[in-house]
Amino acid sequence: MSTALADLSLILADDHAIVRMGFRLLLEGLGARILAEAESGEEALQALTQHQPDILVMDLSMPGCGGLAALERIHSKWPGLRVLIASAHADAITAQRALKAGAAGYLCKRSPPDELLRAVALVARGQRYLDPDIAAELQRADRPEHPAEVLTDKEYNVFLHLARGRSVAEVAEAFHLSPNTVGTHLYHIKQKLGVQNMAELAMTAIRAGLI
């Protein structure tokens, strides 16, 4: 594995400095080079305009537009870039959405350190990586319905931000949308999820393991 990571260049995007430091120590310990760090989706996009890494390791839950929206922009602008998502979300649907949006791999942060190195090595070789626990979940047929299964991609992104307590105005600013557009998304989200207010919206996200 040390040979697979030697001289590999990466950008780390996570809003927790201690997580970035841990990733940096693990990767640099095997010869990889960290070109830049970012703590938001916007900063990750900016870093990519200045550097050409082999791999971007990115979280999904970050300030601003967040990792999922950033991933869609990144895949559109740099379709060949290999992106490994390292997220606290351990549900299969979120992983599937990330892979559909262009990620080459999905790793749960609760995984042991060696699993990060394995994931990076596989993605570096052009292979797809999926966290073993999520892979096992996908093999089970009795998964309960998840919000991501009934919402569109745009609605799902808005849902995640609103469920974490952001206001309609804050979500509109983060996604560069008008408040009326976000309000329309919120109406459809409530209809599809069968919730009446923001408290029920948050509880739906909690039950789905998203927050």
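The model shown is predicted, which means the values in this text are computed figures rather than measured ones.

### Some details on the overall build of the protein
Reasoning step 1: Secondary structure assignment for the protein yields 12 helices and six strands.
Reasoning step 2: Taken over C-alpha atoms, the radius of gyration comes to 17 Å for the protein, in line with the 17 Å a tight globule of 211 residues would show.
Reasoning step 3: Projected onto the principal axes, the alpha-carbon positions of the protein cover approximately 55 × 40 × 30 Å.
Reasoning step 4: Within the protein, the proportion of its 211 residues that are buried is 49%.
Reasoning step 5: For the protein, the share of sequence-separated contacts (at least 6 apart) that also reach a separation of at least 24 residues comes to 65%.
Reasoning step 6: Surface accessibility of the protein: about 10,100 Å² in total, with carbon and sulfur atoms responsible for 53%.
Reasoning step 7: The averaged location of the 25 negative side-chain charges in the protein is 4 Å from the averaged location of its 21 positive side-chain charges.

### Points about the sheet that holds strand β4 (residues 82-87)
Reasoning step 1: Read from one edge of the open sheet, six strands run β2-β1-β3-β4-β5-β6, paired in parallel fashion. Two strands bound the open sheet, and with one partner strand each, they are β2 (33-38) and β6 (129-130).
Reasoning step 2: As paired elements, strand β3 (residues 55-58) and β4 share four bridges and run parallel to each other. Note on β4: the bridge partner recorded for Val-57 is Leu-84.
Reasoning step 3: Against the sheet, helix α5 (residues 92-100) contacts β4, β5 (105-108) and β6, and its axis sits at roughly 150° relative to β5.
Reasoning step 4: Contacts from helix α6 (residues 113-124) reach β1 (9-13), β3, β4, β5 and β6 within the one sheet, and its direction differs from that of β4 by about 160°.

Rules and cut-offs
- Residues numbered from 1 in each chain as written.
- Predicted model: local features only at pLDDT ≥ 70, side-chain atom pairs only at ≥ 80, totals over all residues.
- Heavy atoms only, no water.
- Helix = DSSP H or I, 4+ residues; strand = E, 2+ residues; numbered from the N terminus.
- Rg over C-alpha atoms; globule rule 2.2 N^0.38 Å.
- Buried < 20%, exposed > 50% of the residue type's maximum accessible area, 1.4 Å probe, protein only.
- Contact = heavy atoms within 4.5 Å.
- Areas by Shrake-Rupley, 256 points an atom, 1.4 Å probe, with all protein chains shown as cover.
- Lys, Arg positive; Asp, Glu negative; His and termini not counted.
- Charge placed at Lys NZ, Arg CZ, Asp CG, Glu CD.
- Pairing = 2+ DSSP bridges.
- Axes fitted to C-alpha atoms, helices over the stretch in contact; angles between N-to-C directions.

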